[in-house]
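# Observations on chain architecture
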Amino acid sequence: MKSGVGAPTRARIPDKTLRTDRWWVPPLLTNLGLLTFVVYATIRSFMGKWYWVEEFGYLTPFYSPCLSDSCLPGSSHFGTPLPELPGWIPLGFLALPFLLGFRLTCYYYRKAYYRSVWQSPTACAVAEPHDRYTGETRFPLIIQNAHRYFFYVAFLISIINTYDAILALTHGLGLGGIILVVNVVLLWAYTLSCHSCRHIAGGRLKHFSKHPVRYRLWTLVSKLNVRHMQLAWTTLATLIITDLYVMLVASGAISDLRIFS
Ligand code: FES
């Protein structure tokens, strides 16, 4: 090997690492967390049922917006411009690729999966398996540079999820409505704390004093931005909890806890 840790200029150390601590624990936990979400979201997206509770207006975010004739009556808040879909196409197929792209290209998730899944590097002072480093200049990692465009679509989808949550509240108040609202508030916090959003708010300015509104926005986004990692994990959890609750109510496994009708 002529490059990476095998480059002629690097010290000749045969061991994979000289670290004696449990450096593999954080990448392992990250892998398990991401895997749990990916498996759950994939199964639910292809399930094609238990995503809508007509009585209380609960629509899971995994199926929103639902825009085809295959959607259950009442679940298409924006009409059905698309015909019936074959079973192998998830009903939320228009939003899912963008949401996935938004998360995959997120600066925090990059850090997480570069260290765990991609192992580039796995941890400080641990030799990485790759023999060459090309950064984000080649396919597929060059797609990371499209993050800002995924942000625009995610922003739009957050508006749609907000509409879904408000619509649920027009059916009275139940635990499901509270879960939908908490989920959408946290989704907004995650979306607005995005590094691209911070740059859109205050980037490329030479003088903050000449742009007080953008400076104020940048300050607010920056405060959220320091919590981006926590929000990234919290929203993965709230998405699962929200979908799980809607699924359990829609399937009849549990009844919605009603506060008032
Ligand atoms: Fe994480 Fe943009 S940096 S969503």
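Residues numbered from 1 in each chain as written. Predicted model: local features only at pLDDT ≥ 70, side-chain atom pairs only at ≥ 80, totals over all residues. Heavy atoms only, no water.

### A short note on the packing of helix α6 (residues 195-202) against helix α7 (residues 212-225)
Two elements in contact, α6 and α7, have axes whose closest approach is 8 Å; the angle formed by their N-to-C orientations is 165°. Between α6 and α7, the angle falls in the class roughly antiparallel. The two elements α6 and α7 meet at a crossing, and its hand is left-handed. Where α6 approaches α7, its residues H195, C197, R198, H199, I200, A201 and G202 are matched on the opposing element by R214, L217, W218, V221, S222 and N225. Residues of the contact of α6 with α7, tallied by class, amount to six nonpolar, five polar and two charged. (Axes fitted to C-alpha atoms, helices over the stretch in contact; angles between N-to-C directions. Helix = DSSP H or I, 4+ residues; strand = E, 2+ residues; numbered from the N terminus. Parallel < 35°, antiparallel > 145°, perpendicular 65-115°, else oblique. Left-handed = near helix turned anticlockwise from the far one by under 90°. Contact = heavy atoms within 4.5 Å. Nonpolar A, V, L, I, M, F, W, Y, C, P; charged D, E, K, R; others polar.)

### A look at the pattern of salt bridges
Applying the stated criterion to the full structure yields four salt bridges. With its nearest N and O atoms 2.6 Å apart, the salt bridge here joins D243 to R44. Note that D243 is positioned in helix α8 (residues 228-251) and R44 in helix α1 (residues 25-47), a separation of 199 residues in sequence. Of the two residues, D243 and R44, neither departs from the other in class, the shared state being buried. The salt bridge involving D256 is made with R258; its shortest N-O contact spans 2.6 Å. (Salt bridge = Lys/Arg side-chain N within 4 Å of Asp/Glu carboxyl O. Buried < 20%, exposed > 50% of the residue type's maximum accessible area, 1.4 Å probe, protein only.)

### Topic: the confidence of the model for the protein chain
The predicted model of the protein chain has a mean per-residue pLDDT of 92, with 99% of residues at 70 or higher. Note on the complex model: pTM 0.91, ipTM 0.99. (pLDDT = per-residue confidence, 0-100.)

### Some remarks on the UniProt feature "transmembrane region" (unreviewed entry) in the protein chain
Under the UniProt annotation, the feature "transmembrane region" (unreviewed entry) is placed at residues 23-43, 88-109, 149-166, 172-190 and 231-254. In residues 23-43, helix accounts for 90% and strand for 0%; the two terminal C-alpha atoms are 32 Å from one another. Taken end to end, residues 88-109 comprises 59% helix and 0% strand; its first and last C-alpha atoms sit 28 Å apart. (UniProt positions renumbered as here; feature names shortened; annotations may be inferred.)

### What to know about the packing of aromatic side chains
Any pair of aromatic rings gets described here by the distance separating the centres and the angle formed by the planes. Scanning the entire structure with this criterion turns up 18 aromatic pairs. On the numbers, 5.4 Å between centres and 75° between planes, the contact of Y113 with Y114 is edge-to-face. Of the two residues, Y113 and Y114, both sit in the buried class. Measuring from ring centre to ring centre gives 4.9 Å for F208 and W218, while their planes differ by 35°; the resulting arrangement is tilted. In this pair, F208 sits in the loop between α6 and α7 while W218 sits in helix α7, placing the two residues ten residues apart along the sequence. Of the residues examined, F208 reaches a relative accessible area of 31% and is grouped as partly exposed. Above the ring of Y190, the side-chain terminus of R103 is found at 4.2 Å from the ring centroid. (Phe/Tyr/Trp six-rings, centres within 6.5 Å; stacked < 30°, edge-to-face > 60°. Lys NZ or Arg CZ within 6 Å of the ring centre and 35° of its normal.)

### Comments concerning a nonpolar patch on the surface
On the surface, L175, I178, V182, L257, I259 and F260 cluster together into a nonpolar patch covering about 530 Å² of accessible area. Those elements that provide at least two residues to the nonpolar patch are α5 (175-192) and β4 (258-260). Looking at the nonpolar patch element by element, the count peaks at three residues for α5. When you line up the elements, I259 lands in strand β4. (Patch = residues over 30% accessible without salt bridge, like charges linked within 9 Å, V, L, I, M, F, W, Y side chains within 5 Å. Areas by Shrake-Rupley, 256 points an atom, 1.4 Å probe, with all protein chains shown as cover.)

### Some thoughts on the nonpolar core
In terms of nonpolar packing, the biggest core is built from 35 residues, with F37, Y51, F62, F102, Y109 and Y190 touching the most fellow members. Secondary-structure elements contributing two or more residues to this core are α1, α3 (107-115), α4 (147-169), α5 and α8. Look past the residues within four positions of F37 in its chain and what remains in contact with it is F62, L236, L239 and I240. Core analysis: the second largest hydrophobic core is formed by twelve residues, Y58, I179, W188 and V246 among them. (Core = buried A, V, L, I, M, F, W, Y, C linked by side-chain atoms within 4.5 Å.)

### Remarks on the environment of T134
Position of T134 relative to the elements: it lies in the loop between α3 and α4. Sequence separation between T134 and P65 is 69 residues, and the spatial gap between their C-alpha atoms is 38 Å.

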